[in-house]
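Reading the structure
Below are the chains, spelled out letter by letter.
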Amino acid sequence: MTYMLTFSVRICLVLNQNLNTLNSYDFSFLIMKKLPTKQPAAPVPGQTPIPQPEALIRQLQQQIPPAGDLLMIGIHSGGVIIAQRLHKALAIAEPLGMLDINFYRDDFSQVGLQPVIRSSHLPWDFDARNILLVDDILHTGRTVRAAMNALFDYGRPASIRLAVLLDRGGRELPVQPDYLGLLLPLQAQQHIKLIQDQALYFLFRDDPPCR
Amino acid sequence: MPVNLQLDEHGKLRHLLTLDGLDRSILKSILDTAETFIDVGHREIKKVPLLRGRTVVNLFFEASTRTRTTFELAAKRLSADVINLSPEKMSTSKGETVLDTVRNLEAMHTDMFVVRHHLSGTAHLIASHVPAHVRIINAGDGRHAHPTQALLDMFTIRQHKGNFQQLKVAIVGDILHSRVARSQILALNILGCPEVRVAGPRTLLPTHIERMGVRVFTDMVEALNDVDVVIMLRLQYERMQGQLIPSAQEYFSLYGLTPGKLTAARSDAIVMHPGPINRGLEIDSAVADGKQSVILAQVTNGIAVRMAIMAQLMGASAATGTAQ
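Residues numbered from 1 in each chain as written. Chains lettered and ligands numbered in written order. Predicted model: local features only at pLDDT ≥ 70, side-chain atom pairs only at ≥ 80, totals over all residues. Heavy atoms only, no water.

Section: the environment of Ser247 of chain B
All names here are of chain B. What counts, and what does not: Each helix corresponds to a stretch of at least 4 residues labelled H or I by DSSP, and each strand to a stretch of at least 2 residues labelled E; elements are numbered beginning at the N terminus. Between buried and exposed lies partly exposed: a residue is buried under 20% and exposed over 50% of the maximum accessible area for its type, with that area taken using a 1.4 Å probe on protein chains only. Counting of polar contacts relies on pairs of N or O atoms within 3.5 Å, with two restrictions inside protein: one atom must be capable of donating a hydrogen and the other of accepting it, and residues adjacent in sequence are counted only when both atoms are side-chain atoms.
Counting through the fold element by element, Ser247 comes out in the loop between strand S8 (229-232) and helix H8 (248-255). Classification of Ser247 by relative accessible area gives partly exposed; the value is 25%. When the C-alpha positions of Ser247 and Asp289 are compared, they lie 24 Å apart, and in sequence the two are 42 residues distant. Looking at Ser247, its side chain comes within polar contact range of the main-chain nitrogen of Glu250, at 3.1 Å.

Side note on the sheet that holds strand S3 (residues 112-117) of chain B
All names here are of chain B. The following threshold applies: In this description, strands pair whenever DSSP reports at least two bridges between them. Between N-to-C directions, angles span 0 to 180 degrees; the directions come from axes that are lines fitted to C-alpha atoms, helices contributing only their stretch in contact.
With respect to topology, four strands assemble into an open sheet ordered S2-S1-S3-S4, the strand pairing being parallel. Taken across any chain shown, the strands that pair with only one partner, and hence form the sheet edges, are strand S2 (81-85) and strand S4 (135-141). Direction aside, neighbouring strands of the sheet carry axes that sit 15 degrees apart on average. As paired elements, S3 and S4 share five bridges and run parallel to each other. Across the sheet, Val115 pairs through a bridge with Asn138, a residue of S4.

Concerning the packing of aromatic side chains
For the record, the criterion: In summary, the pairing rule links any two rings of Phe, Tyr or Trp, Trp by its six-membered ring, whose centres are within 6.5 Å, and it sorts them by plane angle into stacked for under 30 degrees, edge-to-face for over 60 and tilted for everything else.
Under the counting rule described, the total for this entry stands at three aromatic pairs over all chains. Pairing Trp124 of chain A with Phe126 of chain A gives two aromatic rings, centres 6.4 Å apart and planes at 65 degrees, and the pair type is edge-to-face. Judged by relative accessible area, which is 2%, Phe126 of chain A ranks as buried. When the ring of Tyr251 of chain B is compared with that of Tyr255 of chain B, the centres are 5.6 Å apart and the planes differ by 35 degrees; the resulting orientation is tilted.

Some points on the layout of surface pockets
Residues and elements named next belong to chain A. The condition is simple: Both cavities and pockets are sets of points on a 1 Å grid over the protein atoms alone; in a cavity a 1.4 Å probe fits but cannot get out, in a pocket the set is open with protein on both sides within 12 Å along at least five of seven lines, and lining residues sit with an atom within 4 Å of a point. Grid points are joined across faces, edges and corners, and a volume is the space filled by probe spheres set on the points. Charged residues are taken to be Asp, Glu, Lys and Arg, nonpolar residues to be Ala, Val, Leu, Ile, Met, Phe, Trp, Tyr, Cys and Pro, and polar residues to be all remaining types, Gly included.
Taken as a whole, the largest pocket encloses approximately 1,100 Å³ of empty space. Around the largest pocket sit 36 residues that line it, and His76, Arg105, Asp135, Asp136 and Thr143 are the ones nearest its centre. At the level of secondary structure, the elements contributing two or more residues to the lining of the largest pocket comprise helix H4 (78-89), strand S3 (130-138), helix H6 (142-152), strand S6 (190-196) and strand S7 (200-206). With six residues, S6 is the single largest residue contributor to the lining of the largest pocket. The residue inventory of the lining of the largest pocket, partitioned by class, reads 14 nonpolar, 11 polar and 11 charged.

What to know about the interface of chain B and chain A
Our working rule: Throughout, a residue-residue contact means that at least one pair of heavy atoms, one from each residue, lies within 4.5 Å. The buried area of a pairing is the accessible area, by a 1.4 Å probe, that goes missing from both parts when the two are put together, added over both. The term salt bridge refers to a pairing of a side-chain nitrogen on Lys or Arg with a carboxyl oxygen on Asp or Glu at a separation within 4 Å.
In this complex, chain B contributes 20 residues to the contact, which on the side of chain A involves 16 residues. Summing the contributions of chain B and of chain A, the shared interface buries around 1,500 Å²; its carbon and sulfur component is 62%. A per-residue breakdown of the area chain B buries against chain A is headed by Thr36, Arg43 and Leu50 of chain B, which together make up 36% of the total. For Arg43 of chain B, the salt bridge goes to Asp153 of chain A, with nearest N and O atoms at 3.6 Å. Our count for the contact surface shared by chain B and chain A stands at four residue pairs in polar contact (both at pLDDT 80 or more). Where the side of chain B that touches chain A is concerned, the elements lending two or more residues are helix H1 (24-41) and helix H11 (295-319) of chain B.

Concerning the domain arrangement of chain B
Residue and element names in this part refer to chain B. For clarity, the cut-off: As annotated, the domain borders come from an automatic or database domain assignment.
When its domains are assigned, chain B resolves into domain 1 (3-144 + 300-323) and domain 2 (147-295). Computed over C-alpha atoms, the centres of domain 1 and domain 2 are 26 Å apart. Of the residues lining the interface, 33 residues belong to domain 1; the matching set on domain 2 comes to 27 residues. Contact with domain 2 buries surface across domain 1, with Leu19, Leu31 and Arg143 losing the most and accounting together for 29% of the total.

Here we look at the nonpolar core
Residue and element names in this part refer to chain B. Heads up, the rule is: By convention a nonpolar core is built from buried Ala, Val, Leu, Ile, Met, Phe, Trp, Tyr and Cys residues, the set being connected through side-chain atoms within 4.5 Å.
Grouped together as the largest cluster of nonpolar side chains are 93 residues, with contacts concentrated most on Phe37 and Met310. No other element matches H11, which puts 10 residues into this core. Not counting residues within four places of it along the chain, the set of residues in contact with Met310 comprises Leu51, Val56, Phe71, Ala74, Ala75, Leu78, Met112, Val114 and Ile137. In terms of nonpolar packing, the next biggest core, distinct from the first, is built from 28 residues, Ala223, Ile245, Ala265 and Val271 among them.

Things to note about the packing of H1 of chain B against helix H5 (residues 147-161) of chain B
Residue and element names in this part refer to chain B. Basically, it comes down to this: Oblique is the label for any angle not under 35 degrees, not over 145, and not in the 65 to 115 range, which are roughly parallel, roughly antiparallel and roughly perpendicular in turn.
The interhelical angle for the contact between H1 and H5, taken along N-to-C directions, is 70 degrees, at an axis separation of 10 Å. With respect to their mutual orientation, H1 and H5 come out roughly perpendicular. Between H1, through Leu27, Lys28, Ile30, Leu31, Asp32, Ala34, Glu35 and Ile38, and H5, the contact on the second element is made entirely by Leu151, Met154, Phe155 and Arg158.

Some thoughts on the side chain of Asn138 of chain B
Position of Asn138 of chain B relative to the elements: it lies in strand S4. At 2.9 Å, the side chain of Asn138 of chain B forms a polar contact with the backbone oxygen of Leu17 of chain B.

Thoughts on the sheet that holds strand S5 (residues 179-183) of chain A
Residues and elements named next belong to chain A. One open sheet holds the five strands; their spatial order is S2-S1-S3-S4-S5, and the pairing between them is parallel. Pairing within the sheet leaves two strands with one partner each, and these edge strands are strand S2 (97-99) and S5. Averaged over all pairs of adjacent strands, the angle between their axes in this sheet comes to 25 degrees, without regard to strand direction. Relative to strand S4 (residues 159-167), S3 is paired through eight bridges, and the arrangement is parallel. Looking at S4, one finds that Ile137 is bridged to Leu166. Helix-sheet contacts for helix H3 (residues 53-63) involve S4 and S5, and the interaxial angle to S5 is about 145 degrees.

Examining H5 of chain B
Residue and element names in this part refer to chain B. This is how it is decided: Every helix has an expected span of 1.5 Å times one less than the residues it contains.
The terminal C-alpha atoms of H5, which comprises 15 residues, lie 21 Å apart, in line with the 21 Å expected from a rise of 1.5 Å per residue. Counting buried positions over the 15 residues of H5 gives 13, a clear majority of the element. After H5 finishes, the residue Gly162 shows a positive phi value of roughly 85 degrees.

Following this line, the structure appears as structure tokens:
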């Protein structure tokens with residue numbers, strides 16, 4: 001029950017006041033005062049602001065501790081967009097790695113090969129090195145599982161940490177981010193997607209429930 | 001046999017039997033997928049788990065080293081289990097029909113057959129008799145088709161030349177017996193190559209070959225003039241009935257690719273050969289081992305292209321939910 005309360009407080013804070021700094025503050029003292037009588041469990045399009053990726057990148061960037069030997073890997077394609085920004089902002093010396101996880105997806109038997117597969121590019125030997133895996137949106141955790149399986153076919157890292165811009169909840173595997181831009185629990189029929197054209201933004205879609 | 005036997009109801013590739021009737025997007029998608037599999041061959045662990053738990057049968061009723069080995073490696077790098085059957089191991093030598101051989105192997109819950117046979121149409125025949133979830137790849141049937149070879153050749157051309165829109169390609173040698181040439185001509189036409197030439201002695205040129213959309217030459221140097229790609233073919237003595245060439249020496253002097261003849265082509269032209277090569281018969285060692293030769297790159301690329309084809313076929317099998 002406390003879990004539920006905390007969630008809804010976080011959401012209403014984020015949505016109503018556009019605060020993107022959840023990880024830096026402890027909001028538990030607000031629970032009694034701020035909890036409104038009725039709050040939606042998830043954003044409703046047209047009524048609630050959708051978070052700004054750029055702000056979340058800054059938020060994420062502040063959490064990642066400086067480490068000279070860090071190897072950063074973005075997961076294609078959204079994760080690479082975020083990793084490129086973080087890699088530049090944190091002035092990481094080693095070149096950025098990019099990983100395509102399509103050959104490791106667990107839904108090949110259901111959906112077949114994805115139409116677009118990009119090459120993985122891991123320009124270093126990462127045995128015994130520390131890896132920071134970057135993705136845009138964390139949902140079921142299956143992508144991260146696939147990414148880790150893929151990485152172990154290239155070498156044996158000393159550690160893998162996970163940085164995620166937005167955690168939309170709905171986990172199906174025991175995967176949690178080490179660094180997080182924003183926790184925004186969505187319902188199953190709600191979809192959020194990172195888009196890059198001129199600007200970087202989230203596309204939000206709320207499907208009507210199936211009958 | 002209908003061409004669309006190899007397409008499912010969504011237009012996706014179910015079997016790969018011939019390139020005839022396939023559109024450019026299907027070929028491009030195979031080549032693009034192969035691009036990403038090249039990387040797997042460079043890794044320490046040269047395996048991805050796409051076909052884990054699937055069984056691929058290499059059903060070779062006709063001898064092969066390169067094609068069978070690269071199919072086997074391709075399947076293994078996709079984590080499939082592979083069974084290799086060669087002519088001497090098969091009960092067809094005891095009187096069993098090809099379809100009975102296949103039915104028995106199906107009864108062992110196999111998922112894909114890679115078929116080579118000296119009779120044209122064997123892969124089609126098998127494809128029209130297997131249950132819906134089983135996939136067939138034609139690895140060469142008689143003089144008819146060898147689509148995976150043509151696709152790996154297209155991949156190699158694209159790798160060196162970027163695209164097909166400005167290219168002149170010459171295919172030289174024993175066109176008559178070559179299923180490779182037929183598949184290459186189809187592939188080049190589908191991919192938009194504006195000029196495909198074939199050259200060889202009249203006895204080794206099929207009648208009406210020009211109907212496939214090629215320019216026909218009997219003078220090799222004329223055929224090579226200004227081309228970007230030279231594809232040499234092996235003289236298929238084992239398929240020849242009767243005297244089709246006067247002598248090996250005379251054939252080499254007229255149609256063997258020597259450094260001298262190669263100067264007629266563009267200076268950056270690449271030289272290809274599906275293998276096995278006969279040095280001193282259709283190609284001079286100086287050319288086969290020279291810097292314009294991409295013959296070994298073709299072999300390497302063969303694995304990635306065959307991985308791409310297997311992954312696409314098996315993916316479509318899974319996606320249509322036909323696996324029972």
